Amino acid sequence: MSREPVDKRHEYPIRIGNWLPDDQESIKKWLDDLIKEVEEKYSAEKGCSVKLDGKFMVPRDWLDPLVQEFKDFVDNDATIRMPYTKMFTEVTEKETPIGTPQVQSYHVMFLLLSFIINNWAPRYTQILLPINAILNWSIGAADGYVAFLNKRANEYWMKVLNKWGVFLKSPLSCYVLNDEPGGWFSESAMANMPDFEKEFICDPTAPHYGFASWDDFFTRKFRDGVRPVASPDDKNIITNACESHALFLQYEVKLTDDFWVKDQWYSLRDMLNDDPYTSQFVGGTVYQASLYMLNYHRWHSPVDGKVVKAYKIPGTYYSASLNDGKDTRAPDNSQGYLCNVATRAAIFIEADNPSIGLMCLLAVGLVEVSTCEINPNLVLKDGPKTVKKGDEIGSFHFGGSAYCLIFRPGVNLQFEQTVLDSIGHLYAKSMKLNSKLATVIN
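Calculation notes
Residues numbered from 1 in each chain as written. Predicted model: local features only at pLDDT ≥ 70, side-chain atom pairs only at ≥ 80, totals over all residues. Heavy atoms only, no water. Axes fitted to C-alpha atoms, helices over the stretch in contact; angles between N-to-C directions. Helix = DSSP H or I, 4+ residues; strand = E, 2+ residues; numbered from the N terminus. Parallel < 35°, antiparallel > 145°, perpendicular 65-115°, else oblique. Left-handed = near helix turned anticlockwise from the far one by under 90°. Contact = heavy atoms within 4.5 Å. Nonpolar A, V, L, I, M, F, W, Y, C, P; charged D, E, K, R; others polar. Buried < 20%, exposed > 50% of the residue type's maximum accessible area, 1.4 Å probe, protein only. Lys, Arg positive; Asp, Glu negative; His and termini not counted. Salt bridge = Lys/Arg side-chain N within 4 Å of Asp/Glu carboxyl O. Polar contact = N/O pair within 3.5 Å; in protein donor to acceptor, adjacent residues only side chain to side chain. Phe/Tyr/Trp six-rings, centres within 6.5 Å; stacked < 30°, edge-to-face > 60°. Lys NZ or Arg CZ within 6 Å of the ring centre and 35° of its normal. Pairing = 2+ DSSP bridges.

S.K.: Let's hear about the packing of helix H2 (residues 65-76) against helix H7 (residues 151-168): which residues, and what values?
M.R.: Two measures define how a pair of helices packs: the angle their axes make with one another and the distance between the axes. Between H2 and H7, the shortest axis-to-axis distance is 10 Å and the interhelical angle comes to 170 degrees. Between H2 and H7, the angle is such that the two are roughly antiparallel. In this structure, H2 meets H7 at a crossing whose hand is left-handed. Here Leu66, Val67, Glu69, Phe70 and Phe73 of H2 lie close against H7, whose contacting residues are Arg152, Ala153, Tyr156, Trp157, Lys159, Val160 and Lys163. Across the contact of H2 with H7, the residue classes tally to 8 nonpolar, no polar and 4 charged.

Dropping the structure here:
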């Protein structure tokens, strides 16, 4: 089979997964409102007029301590201060479709970041990735490319996002779990989740439908029997590991490849962090799918077998391919690229079917959506763990980005026609969890 992917990685007309709107005016309005709210908050608290423009210098005691620590790192290291400065000023050199970007310095970025991680949970609107919206143009800038690849800076991003995760797991985040306009149980939200009460474990009579936090809502579980496992006794049937829509399918994947170029070929050594198992997959197949914002965000085993290794791979959070230049869709246009560099989790399963053998599920985080949690019972302290097709093996927190299934060469796979028809079509309907994805042809 050819190395050529099933689709060409073209420029996407919409934001993948509907995490952010394609309409730049919507992002501009939301960001204008956020900046105004923060300006008014600090003007009132500090007794001075606050204007978040390119001249703003954030005072040291205004930031969350962790955000201040991050800023200190940027301030004191010239090699990172330069790209963190220029990724904002570089964008303003050229007028955007909505005029000069609102966020004009890392000082403004850090103050907005400090506000968000302690106060903000996503409403049912199109702005679900607030930090991504703040960095809307900087991510695709050349200096943004440099800034978001920095290892130490990514360690700070991880700490900051984890702290936001604490807020999103607290009862304080429940203020968006209601039926008011913008609430997750509002009329407009429920119109897009028409079977919510039937499909998900919840209590419509309880406050917040019984969810203890935003994170509890977003990692909600299906009721028993809602997603039955396709052909549970047929080991030749591989099932869909996430509620998701197909993105890419590539054969004859190389050990090392130029994942940063336009075609964004998968590079196994980078995807799997040079794991000792990597060589077994050279020449094999990679299938990638993406999650919509309203999807179920847990991962389930696609085969019967034994988990022989499972671990998280630290990586980037806001890095995007530089190939498309200054572009607000840079993360969307970087789906293949992100599988090689983003924060992710790898679960290696030795399938009971010898025609499959060793395979890997790779869960890939994207921007804010980067917390990949492997089920604690898969921590391999006592040897390999047995899993059945359809068993839950992990989850994304605050949504989910993408996942890959990686197969060894010689595994002859016949993907469902609905899968092949969906590849490259971003409005494609999500395939149900545990549904038939592919058949192994012996």
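S.K.: Can you lay out the side chain of Lys389 for me, pointing to particular residues and giving the numbers?
M.R.: Residue position: Lys389 is located in the loop between strand S9 (385-387) and strand S10 (392-397). In this structure, Lys389 is buried with no salt-bridge partner, the nearest side chain bearing the opposite charge being Asp304 at 5.7 Å. Polar side-chain contacts of Lys389 include one of 2.9 Å to the backbone oxygen of Ile237. Here Lys389 is in contact with Val229, Ala230, Ser231, Pro232, Asp234, Ile237, Thr239, Ser301, Pro302, Val303 and Asp304, once residues within four sequence places are set aside.

S.K.: Just give me the short version of the packing of aromatic side chains, but keep the residues and values in it.
M.R.: In the structure shown here, the tally under the stated rule is 38 aromatic pairs. Look at Phe56 and Trp62: their rings are 6.2 Å apart centre to centre, the planes differ by 40 degrees, and that puts the pair in the tilted class. No difference in accessibility class separates Phe56 from Trp62, as the two residues are buried. For the ring pair Phe196 and Phe200, a centre distance of 5.1 Å and an interplane angle of 40 degrees mean the geometry is tilted. Of the residues examined, Phe196 reaches a relative accessible area of 1% and is grouped as buried. Grouped by ring-pair contacts, the aromatic residues Tyr124, Trp184, Phe185, Phe196, Phe200, Tyr209, Phe211, Trp214, Phe217, Phe218, Phe222 and Tyr296 constitute a single cluster. The positively charged end of Arg220 is found above the aromatic ring belonging to Phe200, 4.7 Å away from the centroid.

S.K.: Give me the lowdown on the sheet that holds strand S12 (residues 413-415), citing residues and values where you can.
M.R.: Read from one edge of the open sheet, 3 strands run S1-S13-S12, paired in antiparallel fashion. Looking at strand neighbours, the two that pair on one side only are strand S1 (237-239) and S12, the edges of this open sheet. With direction set aside, neighbouring strand axes in the sheet form an average angle of 30 degrees. Taken together, the 3 bridges between S1 and strand S13 (residues 436-440) define a ladder with antiparallel strand orientation. Note on S13: the bridge partner recorded for Ile237 is Thr439.

S.K.: Requested: an account of the pattern of salt bridges, with residues and values cited.
M.R.: The final tally for this structure, using the stated rule, is 16 salt bridges. Of the charged contacts, one joins Asp352 and Lys235 as a salt bridge, the two residues approaching to 3.8 Å between their closest N and O atoms. Of this pair, Asp352 sits in the loop between strand S6 (344-351) and strand S7 (358-364) while Lys235 sits in the loop between helix H10 (214-218) and S1, placing them 117 residues apart in sequence. The exposure class assigned to Asp352 is partly exposed, which follows from its relative accessible area of 38%. Between Lys388 and Asp304 there is a salt bridge, and its shortest N-O distance comes to 3.6 Å. Of this pair, Lys388 sits in the loop between S9 and S10 while Asp304 sits in the loop between strand S4 (298-300) and strand S5 (305-313); the two residues are 84 residues apart in sequence, bridging distant segments of the chain. On the basis of relative accessibility, which here comes to 7%, the residue Asp304 falls in the buried class. Salt bridges sharing partners connect three or more residues here, namely Lys235, Asp304, Asp352 and Lys388.

S.K.: Tell me about unusual backbone geometry, and please be specific about residues and values.
M.R.: A positive phi angle, near 55 degrees, is found at Asn273, a position not held by glycine. By relative accessible area, Asn273 is classed as partly exposed at 45%. The backbone phi angle of Asp274 is positive, close to 55 degrees, even though this residue is not glycine.

S.K.: Which residues make up the pairing of S7, and what values go with them?
M.R.: Of all 7 residues that make up S7, 7 are buried, and the element is covered over most of its length. Along S7, one buried face is formed by Leu358, Cys360, Leu362 and Val364 and the opposite face, lined by Met359, Leu361 and Ala363, is buried too. Summarising the sheet, S6 and S7 pair through 7 bridges and their orientation is antiparallel. For Phe348, the partnering residue across the bridge sits in S7 and is Cys360. With antiparallel pairing between neighbouring strands as the criterion, S6 and S7 make up a hairpin whose turn holds 6 residues, including Gly357 at a positive phi of roughly 65 degrees. Bridge count for S7 against strand S11 (residues 402-407) is 6 bridges, and the pairing is antiparallel. Along S11, the bridge assignment pairs Leu362 with Cys404.

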